[in-house]
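# Architecture at a glance
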Amino acid sequence: MYSSYLKSRHDLCKKLVSTLEKDYEYVSVLGKHVTGSQIRVTSAATAVNDTAEKQCGFVVKLFNGKTCAEYSFSDINEDNFDEIVKNIKEKTSISKELLDEHVNLGKMSDEKLVKDFQREVEDKVPSVQEAIERLTKIKDGLHAYSDKIVQAAAILIYYETSALFISKNKDLTQNYTWINVISMAVAKEGNNFKSSRNVGAYNSFEKSFKKVEDEINDTAQLALDLLHSTLIEPGVYDIITEPSITGLIAHEAFGHGVEMDMFVKNRAKSMHYLNKEVASPLVEMHDGAAATLSSASYFFDDDGVLAQDTLIIKDGILLRGISDAVSALQLGSVPTGNGRRESYKRKAYTRMTNTFFSPKADKVEDMIKSIKHGYLLCQTSNGMEDPKNWNIQCVCEYGREIKDGKFTGKIVSPVVMSGYVPDLLKSISMVSDEKVVIGSGHCGKGYKEWVTVSDGGPYLKARCKLG
Amino acid sequence: MERLFKVLRSRKDISDWKVNIVKTSSEELFYVQKKLETNRATDVEDISVTIYVDIDKNRGSSTFTIYPYMDEEEINKKIDENVFAAKFALNPFFEIPSKQDVEIEESKSNLKDRDFKDIIKDVKEAVFEADNYEDGYLSATEIFLYKIDTRIVNSKGIDVSYTSYKGNIETIPSWRKGGEEVELYKMIEFESFIKEDIYSQVKEVLDLSHARSEAVPLKEVKQGTKIILENEEVGQLFNFFASDLTYGRKFQRVNLNEIGDCVQGENITGDKLNLKVVPYYENAIGSRAIDSDGVVLKEVSLIEDGIAKNRYGDYRFGYYLGEKNPKGMVPVIVVSKGNKSIREMEKEPYVRCVRFSGMQLDPFSGFIGGEVRLGFYYDGEKEIPVTGFSISGNIHQLKGSLIYSSEEVTLPRYHGPKYIEIKGMKIM
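These lines cover the structure that appears in this document, whether it is placed above or below.

What counts, and where the lines are drawn
Residues numbered from 1 in each chain as written. Chains lettered and ligands numbered in written order. Predicted model: local features only at pLDDT ≥ 70, side-chain atom pairs only at ≥ 80, totals over all residues. Heavy atoms only, no water. Helix = DSSP H or I, 4+ residues; strand = E, 2+ residues; numbered from the N terminus. Rg over C-alpha atoms; globule rule 2.2 N^0.38 Å. Buried < 20%, exposed > 50% of the residue type's maximum accessible area, 1.4 Å probe, protein only. Contact = heavy atoms within 4.5 Å. Areas by Shrake-Rupley, 256 points an atom, 1.4 Å probe, with all protein chains shown as cover. Buried area = accessible area lost by both parts, 1.4 Å probe. Salt bridge = Lys/Arg side-chain N within 4 Å of Asp/Glu carboxyl O. Core = buried A, V, L, I, M, F, W, Y, C linked by side-chain atoms within 4.5 Å. Disulfide = S-S within 2.5 Å. Expected span 1.5 Å × (residues − 1). Pairing = 2+ DSSP bridges. Axes fitted to C-alpha atoms, helices over the stretch in contact; angles between N-to-C directions. Arc of directions from axis to C-beta.

The secondary structure content of chain B amounts to 9 helices and 24 strands. The C-alpha radius of gyration of chain B comes to 24 Å, within 12% of the 22 Å expected for a compact globule of 428 residues. Taken over the C-alpha atoms alone, chain B extends approximately 75 × 55 × 35 Å along its principal axes. For chain B, with 428 residues in total, the buried portion stands at 59%. When contacts within chain B are restricted to residue pairs at least 6 apart in sequence, those whose partners lie at least 24 apart make up 70%. In the structure as shown, chain B presents an accessible area of about 17,500 Å², 44% of it carried by carbon and sulfur atoms.

Here we take up the interface of chain B and chain A. On the side of chain A, 84 residues touch chain B, which itself brings 75 residues to the contact. In total, about 6,700 Å² of surface goes out of reach between chain B and chain A, with carbon and sulfur atoms giving 52% of it. If you sort the residues of chain B by the area they bury against chain A, B:E37, B:Y69 and B:M428 come out on top, with a joint share of 10%. Taken together, the connections running from chain B to chain A amount to 12 salt bridges.

On to the nonpolar core. Counting 54 residues, the largest nonpolar core has B:L229, B:L237, B:F238 and B:L275 as its most contacted members. Of the residues forming this core, the biggest block, 6 residues, is contributed by helix α5 (residues 232–243) of chain B. What B:L237 contacts, discounting residues up to four positions off in sequence, is B:L229, B:L361, B:I368, B:I395, B:L402, B:I420 and B:I422. A:V27, A:L62, B:V49 and B:V83 belong to the second-largest nonpolar core, a separate cluster that totals 47 residues.

Attention now goes to the state of the cysteines. All names here are of chain A. Scanning all chains against the criterion turns up 0 disulfides over all chains. Looking at the unpaired C394, the closest cysteine sulfur is the one in C396, lying at 7.0 Å. By relative accessible area, which is 0% here, C394 ends up buried. Cysteine C464 remains unbridged, with the sulfur of C394 as its closest cysteine sulfur at 8.0 Å. The exposure class of C464 is buried, given its relative accessible area of 5%.

On to the environment of B:A308, then. All names here are of chain B. If you trace the backbone, A308 turns up in strand β13 (residues 307–308). Taking the C-alpha atoms as reference, A308 lies 49 Å from N39; in sequence the two are 269 residues apart. Aside from chain neighbours lying at most four places away, what touches A308 is L245, E258, I259, G260, D261, V263, L302 and I303.

What follows concerns helix α4 (residues 195–214) of chain B. Compared with the 28 Å implied by 1.5 Å per residue over 20 residues, the 29 Å span of α4(B) between its first and last C-alpha is a close match. For α4(B), every residue scored as buried is listed here: B:I198, B:V202, B:V205, B:L206, B:L208, B:S209, B:A211, B:R212 and B:S213.

In this section: the sheet that holds strand β22 (residues 448–457) of chain A. Residue and element names in this part refer to chain A. Pairing within the open sheet is mixed, and its 6 strands lie in the order β12-β11-β10-β15-β22-β21. Two strands close off the open sheet at either side, each with one partner strand: β12 (317–318) and β21 (436–445). Across 3 bridges, strand β15 (residues 354–357) lies against β22 in parallel orientation. Counterpart to T355 in the pairing with β22 is D455. Where helix α6 (residues 243–254) meets the sheet, its contacts fall on β10 (285–287), β11 (310–314), β12, β15, β21 and β22, and the angle it forms with β22 comes to roughly 130°.

Residues in a regular strand point their side chains to alternate faces of the sheet. Residues and elements named next belong to chain A. Of the two faces of β15, the one lined by N354 and F356 and the one lined by T355 and F357 are each fully buried. As paired elements, β10 and β15 share 3 bridges and run antiparallel to each other. When the bridges of β15 are listed, H286 appears paired with F356.

Residue and element names in this part refer to chain A. Buried residues of helix α2 (residues 81–91): F81, I84, V85, N87 and I88, and no others. The arc enclosing the buried residues of α2, seen along the axis, measures out at 160°, which places them on a common side. More than 90 degrees from the buried face of α2, the exposed residues found are D82 and E83. On its buried face, α2 sits against α1 (4–20), β3 (55–63) and β4 (68–73).

Next up, the structure:
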């Protein structure tokens, strides 16, 4: 349900915009209120906390004819209204020396739009007691699988986001939810430890719990299997990526490079490749809060721009990037609903949302059969973007060896994919017929500005350097 | 705030409580090359409350956020919800820290001496004075100055406040060569504004981006060539040893070493490790006198000549392990320097890894490695900048042979050797 707190501040935000409009050519206010819980049951302890996404506050954005200014604050009410106005004016003022050199932003468009959006959780929110009981069963199930499981954890993360966006012509509110259930197991043999994890990520408690509950034994067995994993012999291999790694490639290897604030800063190689071939003709890539239903699906972004489904690559050709409002102004383009903030305390940047490759026609079994010697790469560990130079750094938790079209039973862990992005994307030779988008990720810009994201796609067959 | 304390003190259904209040003010500038795009300021407050509820020999807890807008009724409602939750989040009983005599030293940062609006102009000048190359430039710069007021209060009499200051500069140095450009990343962090330091750090990262523009793929390198790590990756490597000696690891039975064990294995052929954690180290911006539980932090020697001597960490897990006075989350790792200078390390062939895209170091398996965006390879005759390669190895097999440099570096949560020499890693 939409935040009663934001509702109570709605008219004050409108008053704030109309008060500041007298002095600034464009004014907007974003209010954010994120609530929810993180309930963690581990072998060592049980903990109940607010969700890590929690926040409640406002940010006002002003255009002064030259640059953009912002002020973030925690509350506005009748008593502090005049003080907030005074703070905004004083604290966003800027000396002439700093304005000597500035970008040319032009005029922010502000089309008339008044709308309330709502996406409720699909089922009933469980009580803390019900949640802890269910999480405890998952934790106990992992332990019961083997004495070698020395640590187990089950975590429920539920968050509900409410936001309002008010400018002279816009009056938008939204409310939406998302749920993650995560399980983790640590197996020990001698002084050798290995861990595995699993996640259920849906707008439904039941679906999120069920995914993890149904796969308790698989999660525990994976930790045991990893005890016997080895490091891969470095080299160039044929690979098949499961959807998590497909998403990692879409997100880290290519997605960051089409964030158009990187174009503004001359940081993206991809700006020179628009309408050119960057990938195999089998590749189609999307990003957008409206592109699928997942953890980064909202109705409007932190610039007040409606969510979209942006087709970035079609038939291997780079069509366009994604953009926040301020970057679009500088580039003379249209924003794509990708202006996102870590919280109301931070600046908005161009950020990915739900990023994925589209499925094609191949069957996974045929893809595996086609491999002479290579690896099925599984489970994202982490990745790092390199938008200007298109180097790949994608780390997979593990890989399963394939020889002559069959799994050998050998597991390697971890596996670092490296190389040059277009080489990898152009090497894609098979794409499976179903896609999975996994809504449990967080993404930073550089090493900060964390936001929730999802990514995924089908299984891909490609060729890449592994180490 | 008194409204919150009044409510907490009046509640008979709470056994204990703690409150952490953090007020942050900032001044921020965002540049596209040398052009200002956005200026920002913030005045925000975060109030985190933990309530503890005792049932028989167990203690449940729940942590939640109180917002400035909440009145007494809303605070009570929030506490009701969390008392209910805590009854199901039961753990073995543990005490929370009690009042201790502590004198919090005033911050030594010079950021407190002047208005942020004046300081940030000087920071900007220092950054862009260094950005004066024909082919190199900062494609983006973000400057942040923070004043952070922290107050920790609990039901056992702790009520301590302190103010800290810090500055961050995110720089993206780029270099043009032919029709191509390359870039690197550097976050400069400081406790005090020292113009010369900022100038030299910006100049250094621009010079490194120049080196990356000259770098060639590392193709023909003899396996077994020694690796030299530096700065952040050295701090990350030593954190591997420190984090294994936290109470949490021991309580969860996922620790690798017991007290008295040699953490570097049986056969130490390199430097012996002497590692301690301290609450404050000059210019280490992660320093703090008190942890979030209110524990007054003191220096703890964790490893002496390679032998594990003590544990540290979260108060609750320390209590569970029977520690009389759990030492808390002491923030800064300090490692004794070695005897070998970088010049000596560089007398024989090496690959010095200067910028990773993100070095991995698995706390359990010991896997260490990652893609290197800029390194320097010396084949015995000449040094060249190299790129596009990865290194990998296992710290469990390497930990006995590490050589620490005599040069030192201070990072936000680390002070110690600036370089480490490692033999036996794979290079590809």
